[in-house]
Amino acid sequence: MAKRNRLSDSVIEKFYVLKSDENIKHGPYKAYFRRRTVIAAGNYNNGKKTGIWSFADVNGKLVENYNYTTNSYIFEAPLDTDTDLHFFFDTVFAKTDMVTRPLKIGGSYYGFVPYLNIFQLPFETIDIETDYFNATVELLISPLGRLADYKVRLLSSYYDYDHTFNLDVNLFSEEDRTFQPATLNGVPILSRIIIKCYVTPGGGLDFY
């Protein structure tokens, strides 16, 4: 049985479920950016992701392949310099140091949708021009590859508004709390991921 679901203002997913239980995904899965560009494709087997999944950016360019059967990254494209994702490390590096950024299954776009769609403005937007707001999501990733902290900062000089919201990381699924940590010379380190986003007319968040 075919199903569809909206993940954000820009992303919808299409998948199949078991006839015996519509809550269990089974078969091909695809997610689309603005109904046209495939940004995630793979398969479910009785509710579990299996085999090789491919993830693309909003232009359809491949950014990641991940094998759920072996739990391993097969391909990870270099991060585009023109991106809404920024990485920070609480460490001073030498020029000779080898540093890797934290990785999220799903690549640099699809993989971060859950951290945007979980947030909703705590006030009505009926009489609010959301275009006057800027937002950033900050994820703190531990050396163990765990989501240790989640916060959203909303700014609006027009409305003289500046507030930071902290959400319980346990609101996320186990999969969304799991990362491959950043490393310094092969040793896992603490890192932060900053996502620049905008406030939607409905009071949610989305990528620019």
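Note: the structure precedes this text.
What counts, and at which threshold
- Residues numbered from 1 in each chain as written.
- Predicted model: local features only at pLDDT ≥ 70, side-chain atom pairs only at ≥ 80, totals over all residues.
- Heavy atoms only, no water.
- Pairing = 2+ DSSP bridges.
- Helix = DSSP H or I, 4+ residues; strand = E, 2+ residues; numbered from the N terminus.
- Axes fitted to C-alpha atoms, helices over the stretch in contact; angles between N-to-C directions.
- Phe/Tyr/Trp six-rings, centres within 6.5 Å; stacked < 30°, edge-to-face > 60°.
- Buried < 20%, exposed > 50% of the residue type's maximum accessible area, 1.4 Å probe, protein only.
- Lys NZ or Arg CZ within 6 Å of the ring centre and 35° of its normal.

This part is about the sheet that holds strand β2 (residues 11-17). Strand order in this open sheet of 7 strands is β1-β2-β3-β4-β5-β6-β7, and the pairing throughout is antiparallel. Unpaired on one side and paired on the other, β1 (2-6) and β7 (72-76) mark the two borders of the sheet. With direction set aside, neighbouring strand axes in the sheet form an average angle of 15°. Bridge analysis of β1 against β2 gives 5 bridges, and the strand direction is antiparallel. The partner of Arg4 across the bridge, within β2, is Lys14.

Glancing now at the sheet that holds strand β9 (residues 99-100). Spatially, 3 strands are ordered β9-β13-β14 in an open sheet, and the strand pairing comes out antiparallel. Every other strand in the sheet has two partners, leaving β9 and β14 (187-189) as the edge strands with one partner each. Of the strand pairs in this sheet, strand β13 (residues 182-184) and β14 are connected by 3 bridges, and their pairing is antiparallel. Paired with Ala182 across the bridge in β14 is Ile189.

Now for the packing of aromatic side chains. Applying the stated criterion across every chain, the model contains 26 aromatic pairs. On the basis of an interplanar angle of 10° and a centroid distance of 4.0 Å, the ring pair of Tyr132 and Tyr158 is categorised as stacked. Of this pair, Tyr132 sits in the loop between α1 (114-117) and β10 (134-141) while Tyr158 sits in the loop between β11 (147-156) and β12 (161-167), placing them 26 residues apart in sequence. Among the residues examined, Tyr132 registers a relative accessible area of 41% and is labelled partly exposed. Where Phe133 meets Tyr159, the ring centres are 5.5 Å apart and the plane angle is 20°; that geometry is what we call stacked. Of this pair, Phe133 sits in the loop between α1 and β10 while Tyr159 sits in the loop between β11 and β12; the two residues are 26 residues apart in sequence, bridging distant segments of the chain. What makes Phe133 buried here is its relative accessible area of 3%. In textbook terms, an aromatic cluster arises when at least three aromatic residues are bridged by ring pairs, as seen for Phe15, Tyr29, Tyr44, Trp53, Phe55, Tyr66, Tyr68, Tyr73 and Tyr110. One cation-aromatic arrangement involves Lys14 over Tyr32; the distance from NZ or CZ to the ring centre is 5.1 Å. The ring of Tyr208 has Lys196 sitting right over it, with the charged end atom 5.5 Å from the ring centre.

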